[in-house]
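Listed here are the chains, written in short residue letters.
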Amino acid sequence: MRYRFPYRDIIFGLEDSIVSTLGVVVGIAAGTDSRYIVLLSALVVIVVESLSMTAGSYLSNKSELEIICARRGLEVKKKEKAFLLESLIDSLFMLVSYVTGGILSVLPFFLFPPQSAILPAIGLSVASLFGIGFIKGRYVKVNALRSGLEMSLVSFFAAGLGYLVGKLASTYLI
């Protein structure tokens, strides 16, 4: 079996991290207006989610490789080291992608007060996702503009829902 570059892990890690982290920080910023709480929450989300996604990537990629081997009638024991190495490499790509995406979403909160950072965070995240989708579209030879728009709209809706939940929670929980 030849190693395949983990495009899926990279795109999934970036997209999931940007959307998840953005939703969390925008919601918390809307509900608390505390830079400390926003950045603490962002750090926890990025660390915990990146480790979770890395473990999930490792386990799912290893399982996929084992299934492929079983379907082809290959003995799994002979391929165990290759499975382990490929799965580890893929999961490292997931880790780096997830941390990178999370940092992009949080960056404006380091530079501006929470309420002022919400729109720049959304803008940076939407633009980043558009770029990822656009590049992916070009690479797979589909409409790059449509691919970029599709990916960026996901972020916009997640951020909007995060903001709404933060506002509602700050109104009704306090």
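As a starting point, this report considers the structure included with it. (Residues numbered from 1 in each chain as written. Predicted model: local features only at pLDDT ≥ 70, side-chain atom pairs only at ≥ 80, totals over all residues. Heavy atoms only, no water.)

### What to know about the nonpolar core
Across soluble globular proteins, nonpolar side chains have a tendency to be buried as a group. To be explicit about the condition: Among buried residues, the Ala, Val, Leu, Ile, Met, Phe, Trp, Tyr and Cys ones that are joined through side-chain atoms within 4.5 Å form a nonpolar core. For each residue, the accessible area found with a 1.4 Å probe, counting protein chains only, is set against the maximum for its type, and the residue is called buried under 20%, exposed over 50%, and partly exposed in between. Elements are defined by DSSP. Helices are runs of H or I of four residues or more, strands are runs of E of two residues or more, and each kind is numbered from the N terminus. Any two residues whose heavy atoms approach within 4.5 Å are treated as being in contact.
Ranked by internal contacts, the top residues of the largest apolar core, which has 15 residues, are Leu 22, Val 25, Val 106, Phe 109, Ile 118 and Ile 122. Elements with a minimum of two residues in this core: helix H1 (7-32), helix H2 (35-71), helix H3 (76-111) and helix H4 (114-140). Dropping the residues within four chain positions of it, Ile 122 is found in contact with Leu 22, Val 26, Phe 156 and Ala 159. Within the second largest apolar cluster, 7 residues are counted, among which are Ile 18, Val 19, Met 151 and Ala 158.

### Some thoughts on H1
We apply this condition: Every helix has an expected span of 1.5 Å times one less than the residues it contains.
With 26 residues, H1 extends 37 Å between its outermost C-alpha atoms, agreeing within 8% with the 38 Å of an ideal straight helix rising 1.5 Å per residue. Positive phi appears at Asp 33, one or two residues downstream of H1, with a value of about 55°.

### Observations concerning the packing of aromatic side chains
To be explicit about the condition: Centres within 6.5 Å are what make two rings of Phe, Tyr or Trp a pair, Trp counting through its six-membered ring; a difference in plane orientation under 30 degrees is then read as stacked, over 60 as edge-to-face, and the rest as tilted.
All told, the structure shown has 5 aromatic pairs when counted by the stated rule. With a centroid separation of 5.1 Å and 70° between ring planes, the pair formed by Phe 5 and Phe 93 is classed as edge-to-face. Of the two residues, Phe 5 sits in the segment before H1 while Phe 93 sits in helix H3, which places them 88 residues apart along the sequence. Relative accessible area serves as the criterion here: at 39%, Phe 5 is assigned to the partly exposed category. Judged by its relative accessible area of 28%, Phe 93 is partly exposed.

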